[in-house]
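# Report on the structure
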Amino acid sequence: MNQSPILLMAPLYGPTQQALESRYTVHRLWEAPDAGALLASLADGCRVVVTTGGKGIDAATMAKLPKLELVACFGVGVDAIDLEYCRKRGIAVTNTPDVLTDEVADLALALLLATVRRIPYGDRFVREGKWLKGGMPLTQSLGGRKVGIVGLGRIGSAIAKRCESFGTTIGWYGPRPKPGVKWQHFGDVVELARWADVLIAACPGGPATHRIVSRAALEALGPDGIFVNIARGSVVDQDAMVELLGNGKLGSAGLDVFDDEPNVPQALIGMENVVLQPHMGSGTHPTRTEMGRLVLENVAAWTEGKPLVTQVS
Ligand code: 8YV
């Protein structure tokens, strides 16, 4: 039986954190008056870190934990974890795939529909009494549109299936075609954006996808185009997106993720052609419960010397 105090990098979903702290000795990094001193005190004994997709852990922090063997991530995105450092040191990394796929795909469609049908605008229209003075301007429609998906992994595939049920045509970008995928593959994001009416970013974050949705792609999507991002803020050129949304060269956007969360550019906050969400892709009790279950199962597996449940390859 392995024993180790656990360094917790950031707050978890309440019930998950309570369960973790009831079973193990857990040190909350964000509450430490002196983080360096806490890390030094853990250097000899800490072999497990628990973190979140948003917080991750960098090489400098892991270097202060020479006994570290496991980083368990509450989240599917591990782009904030220095995976190369973990590989070099033989530190196992686990995440929480599959249990959140449908939830995140649902929010992508909710954002897309809210953006196309201007749901937040209509809500304000009623609340502000404008309906008493006349009808709301008509909107565009989703049916019949061409939807381009950047990244056809588990979440991208779930989004594609949902979009098909709304009568859209699907195209997608990935580095290589996938055997058995019926939808049209594009080997270039700009070409996909030129073809599409809607572009949805569903790819992992990290160096390989940094700004993969470029200014050129957003310009190719064009003044009637709709951009939806439920991936990471890092996958889009955010400055270009803000500029193009503001000058009409990009039609509208539905955004759940941003470059410097929770800070959102003030220009976006003032735009009527943008729907904003505070990184709520997996943000439901049932899904966060399932994510927590996977974190706890991975830590328990490590503790018991058993194979990890969802190890990142
Ligand atoms: C979580 C996410 O909200 O799974 C991910 O990668 O971005 C979300 O599900 C995030 O990990 C919490 O920090």
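Residues numbered from 1 in each chain as written. Predicted model: local features only at pLDDT ≥ 70, side-chain atom pairs only at ≥ 80, totals over all residues. Heavy atoms only, no water.

A word on the site of the ligand. Val76, Gly77, Arg232, His279 and Ser282 are the nearest of the 13 residues found near the ligand. Between the ligand and Arg232 there is a distance of 2.7 Å, counted from an oxygen atom to a side-chain nitrogen or oxygen. With the chains in place, 86% of the 330 Å² that the ligand exposes on its own is no longer accessible. Tallied by class, residues from the shell around the ligand come to 4 nonpolar, 7 polar and 2 charged. (Near = heavy atom within 4 Å. Polar contact = N/O pair within 3.5 Å; in protein donor to acceptor, adjacent residues only side chain to side chain. Areas by Shrake-Rupley, 256 points an atom, 1.4 Å probe, with all protein chains shown as cover. Nonpolar A, V, L, I, M, F, W, Y, C, P; charged D, E, K, R; others polar.)

Attention now goes to helix H6 (residues 119–127). All of the buried residues along H6 are Tyr121, Gly122 and Phe125. End-on, the buried residues of H6 take up no more than an arc of 100 degrees, which puts them together on one face. Turned more than 90 degrees off the buried face of H6, the exposed positions are Ile119 and Arg127. One or two steps after H6, the chain reaches Gly129, where phi turns positive at roughly 75 degrees. (Buried < 20%, exposed > 50% of the residue type's maximum accessible area, 1.4 Å probe, protein only. Helix = DSSP H or I, 4+ residues; strand = E, 2+ residues; numbered from the N terminus. Arc of directions from axis to C-beta.)

All right, on to the domain arrangement of the chain then. Assigned domains of the chain: these are domain 1 (2–97 + 286–303) and domain 2 (101–276). Just the C-alpha atoms count here: the centres of domain 1 and domain 2 sit 32 Å apart. The interface of domain 1 with domain 2 comprises 6 residues on the first partner and 5 residues on the second. Buried surface at the junction of domain 1 and domain 2, both sides included, amounts to about 470 Å², of which 47% is carbon and sulfur. The largest per-residue losses of area from domain 1 upon contact with domain 2 belong to Asp79, Pro97 and Thr287, which jointly make up 73% of the total buried on that side. (Domains from an automatic or database assignment. Contact = heavy atoms within 4.5 Å. Buried area = accessible area lost by both parts, 1.4 Å probe.)

Sheets are built from strands that pair by backbone hydrogen bonding, the pairs being arranged parallel or antiparallel. With respect to topology, 7 strands assemble into an open sheet ordered S8-S7-S6-S9-S10-S11-S12, the strand pairing being parallel. With one partner strand each, in any of the chains shown, strand S8 (184–186) and strand S12 (274–276) form the two edges of the open sheet. With strand direction ignored, the average angle separating the axes of adjacent strands in the sheet is 20 degrees. In terms of strand pairing, strand S7 (residues 169–173) meets S8 through 3 bridges, oriented parallel. Looking across to S8, one finds that Trp172 is bridged to His185. Contacting strand S6 (146–150), S7 and strand S9 (198–201), helix H7 (residues 154–164) runs over the sheet at an angle of about 175 degrees to S6. (Pairing = 2+ DSSP bridges. Axes fitted to C-alpha atoms, helices over the stretch in contact; angles between N-to-C directions.)

Bringing the sheet that holds strand S4 (residues 70–74) into the picture now. The parallel open sheet is built from 5 strands, whose spatial order is S2-S1-S3-S4-S5. In the strand order of this sheet, the two ends are held by strand S2 (26–28) and strand S5 (92–94), each with one partner. If you compare each strand with its neighbour and ignore which way they point, the axes differ by 20 degrees on average. Relative to strand S3 (residues 48–52), strand S1 (residues 6–8) is paired through 3 bridges, and the arrangement is parallel. When the bridges of S3 are listed, Leu7 appears paired with Val49. Of the strands in this sheet, S1, S3, S4 and S5 touch helix H12 (residues 285–303), which is tilted by about 170 degrees from S4.

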